[in-house]
Amino acid sequence: MVTGADSGLGQAVAGLLADRGDRVVRCGLADDVDVRADLTSPSGRDDLVAQVRSLVGGRVDGVVAAAGMGAPRPETVALNYFGTVAVLEGLRPLLAASDAPAAVVVSSSSTLNRGSGALVRACRDGDEARALAVARRLVRTGRGSQVYRSGKAALNLWARATAVTPPWAGDGIVLNAVAPGIVATDVVTRTWGRDRALLETALPQPLGAPGPVEPVADLLAYLVSPANRFMTGQVVYCDGGTDALMRGGRPQRVYLRYRPRDLAAMWRASRRSAGA
């Protein structure tokens with residue numbers, strides 16, 4: 001099942017999966033999709049889940065959550081974060097019925113830039129009303145560009161935290177996020193002349209911009225394929241090198257921190273191993 005399958009990355013990955021022989025349920029707002037639903041509202045999210053259940057019965061093998069928008073409006077966080085999370089949580093029981101269940105959400109390399117902490121916290125608290133209020137304030141005060149990347153940053157955090165919980169990992173469901181760079185979707189190519197200087201400064205891509213759509217679609221398709229049974233809880237930047245260029249080696253400077261009781265348990269285990 002692919003959300004946002006009527007345009008952009010969603011359309012590309014839906015076509016790729018169909019070409020590989022998968023039965024694909026396309027979800028979006030266009031007339032020619034299998035499931036039409038507006039994910040900016042709770043009723044639309046429930047409607048999508050109900051329609052998918054009706055179409056497929058009790059099992060879904062994979063979900064690509066690609067529906068999204070980038071406009072500096074409150075609806076952006078309603079769709080990108082709350083719509084995505086609600087659909088995945090609603091479809092989780094159908095994924096659990098699969099022999100090789102997998103889900104992936106589409107994030108963004110824009111999450112490398114700092115967003116609104118207040119908006120991220122509201123999303124992570126599951127408080128949509130507060131998140132919409134924060135988004136409206138950001139737009140009103142000329143900081144509307146933070147709405148998109150803040151919602152996607154919260155989605156990264158949700159995917160990492162959720163992937164290792166018993167309802168997901170315990171049922172063998174792998175869950176990841178892909179953060180594409182600036183790629184040549186219809187939306188990007190239409191506005192590239194206007195936005196090029198800003199985007200190339202904010203998110204430089206050593207491999208060039210806009211990048212190709214196909215490698216991102218390939219990655220999304222792999223992450224929901226039966227071949228991926230061990231990679232979960234990751235945010236994978238498919239961004240032409242932006243992450244490596246901008247952050248360098250800094251991510252590896254953050255190491256694991258253990259509680260004192262865990263350190264004591266590991267010390268005892270290492271002593272036993274040394275004795276053996």
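Anyway, here's the lowdown on the structure attached to this text. (Residues numbered from 1 in each chain as written. Predicted model: local features only at pLDDT ≥ 70, side-chain atom pairs only at ≥ 80, totals over all residues. Heavy atoms only, no water.)

1. Side note on the side chain of Asn-80
No. 1: Relative to the elements of secondary structure, Asn-80 occurs in helix H3 (residues 74-96).
No. 2: Residue Asn-80 is classed as buried on the basis of its relative accessible area of 1%.
No. 3: Leaving out residues up to four positions away in the same chain, Asn-80 has contacts with Ala-67, Gly-68, Met-69, Tyr-148, Lys-152 and Leu-155. (Helix = DSSP H or I, 4+ residues; strand = E, 2+ residues; numbered from the N terminus. Buried < 20%, exposed > 50% of the residue type's maximum accessible area, 1.4 Å probe, protein only. Contact = heavy atoms within 4.5 Å.)

2. Some details on a nonpolar patch on the surface
No. 1: A contiguous nonpolar patch, built from Leu-256, Tyr-258, Leu-263 and Met-266 and spanning about 420 Å² of accessible area, is present on the exposed surface.
No. 2: Looking at the secondary structure, you find Leu-263 in helix H10 (residues 260-275). (Patch = residues over 30% accessible without salt bridge, like charges linked within 9 Å, V, L, I, M, F, W, Y side chains within 5 Å. Areas by Shrake-Rupley, 256 points an atom, 1.4 Å probe, with all protein chains shown as cover. Salt bridge = Lys/Arg side-chain N within 4 Å of Asp/Glu carboxyl O.)

3. Quick word on the pattern of salt bridges
No. 1: Evaluated as defined, the whole model comprises twelve salt bridges.
No. 2: With its nearest N and O atoms 2.8 Å apart, the salt bridge here joins Arg-45 to Glu-128. Residue Arg-45 is located in helix H2 (residues 42-56), and its partner Glu-128 is located in helix H5 (residues 128-140); the two are separated by 83 residues in the primary sequence. Neither residue differs from the other here; Arg-45 and Glu-128 are each classed as buried.
No. 3: In this structure, Asp-61 and Arg-59 form a salt bridge, with 3.0 Å as the shortest nitrogen-oxygen distance.
No. 4: By relative accessible area, which is 47% here, Arg-59 ends up partly exposed.
No. 5: Because the salt bridges share partners, they merge into one network encompassing Asp-125, Asp-127 and Arg-130.

4. Considerations on the packing of aromatic side chains
Ring pairs (aromatic) are described by centroid distance and by the angle formed between their planes.
No. 1: One pass over the full model with this rule turns up two aromatic pairs.
No. 2: Where Tyr-81 meets Phe-82, the ring centres are 5.0 Å apart and the plane angle is 85 degrees; that geometry is what we call edge-to-face. A single burial state applies to Tyr-81 and to Phe-82, both of which are buried.
No. 3: When the ring of Trp-158 is compared with that of Trp-168, the centres are 6.2 Å apart and the planes differ by 85 degrees; the resulting orientation is edge-to-face. Here Trp-158, found in helix H6 (residues 145-163), pairs with Trp-168, found in the loop between H6 and strand S6 (174-180); they are ten residues apart in sequence, far enough to count as distant.
No. 4: A relative accessible area of 5% means that Trp-158 is categorised as buried.
No. 5: Exposure remark for Trp-168: the relative accessible area of 4% places this residue in the buried category. (Phe/Tyr/Trp six-rings, centres within 6.5 Å; stacked < 30°, edge-to-face > 60°.)

5. Description of the packing of helix H1 (residues 8-19) against helix H8 (residues 214-223)
No. 1: Where H1 contacts H8, the two axes come as close as 9 Å, and the packing angle between them is 60 degrees. When the interaxial angle is binned, H1 and H8 end up oblique. As for the relative orientation of H1 and H8, their crossing is right-handed in sense. In this structure, H1 contributes Leu-9, Ala-12, Val-13, Leu-16 and Leu-17 to the contact, and H8 contributes Val-216, Ala-217, Asp-218, Leu-220 and Ala-221.
No. 2: Of the residues belonging to the contact of H1 with H8, the class tally is nine nonpolar, no polar and one charged. (Axes fitted to C-alpha atoms, helices over the stretch in contact; angles between N-to-C directions. Parallel < 35°, antiparallel > 145°, perpendicular 65-115°, else oblique. Left-handed = near helix turned anticlockwise from the far one by under 90°. Nonpolar A, V, L, I, M, F, W, Y, C, P; charged D, E, K, R; others polar.)

By themselves these figures say nothing about function.
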